[in-house]
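# Observations on chain architecture
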Amino acid sequence: ASLFGDWTFQDLCDQPGPRLMPTHMFGEQLLPRELLQEDGKGRLIIVLRNLKSVMVSTHFFLGEPKDGWLGNEHGPGSFNRFLSDDCPNAFGSVFDWINQQDKVVALLERQTKKRVLVVYYEALKENL
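On a predicted model such as this, the values are computed, not experimentally measured, just so you know.

## Observations concerning helix α5 (residues 94–111)
Between its terminal C-alpha atoms α5 stretches 26 Å, which fits the 26 Å expected from 18 residues at 1.5 Å a residue. Restricting attention to buried positions, one finds in α5 the residues V94, Q101, V104, V105, L107, L108 and Q111. Down the axis of α5, the buried set is contained in an arc of 160 degrees. They therefore lie on one face. The exposed set on the far side of α5, more than 90 degrees from its buried face, consists of K103 and R110.

Here you go:
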């Protein structure tokens, strides 16, 4: 199966500009090389969300975990599981994801501050 469903990466590149490619995938290995090069093209916008909101949204979106996990020695719920290094979420540990973002942001900021923007979801909502 392709990372992009029925689309290939070349199909996305062939779209007329400006192109917007939203994704949850992240990290240097999953972003276009042209974006990460010193003289690269493109811009990166990262939308961050409060981790508590992410956890609550995940709970309501996915419902009860398929493996039946409803809690641990600290009581019912999934907070500790969500924060765990080996979190079974589709995208893995939220902290790994944030660390990967930090590396890419640092790389792009060293090159030029005009190619990366970090926005907080709550701030966007507040300004509607």
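## Topic: the side chain of Q101
Locating Q101 in the fold gives a position in helix α5. According to the relative accessible area criterion, Q101 is buried, its value standing at 3%. Among residues more than four places away in sequence, those in contact with Q101 are F26, I46 and L48.

Here is what the cut-offs are and how they apply
Residues numbered from 1 in each chain as written. Predicted model: local features only at pLDDT ≥ 70, side-chain atom pairs only at ≥ 80, totals over all residues. Heavy atoms only, no water. Helix = DSSP H or I, 4+ residues; strand = E, 2+ residues; numbered from the N terminus. Expected span 1.5 Å × (residues − 1). Buried < 20%, exposed > 50% of the residue type's maximum accessible area, 1.4 Å probe, protein only. Arc of directions from axis to C-beta. Contact = heavy atoms within 4.5 Å.

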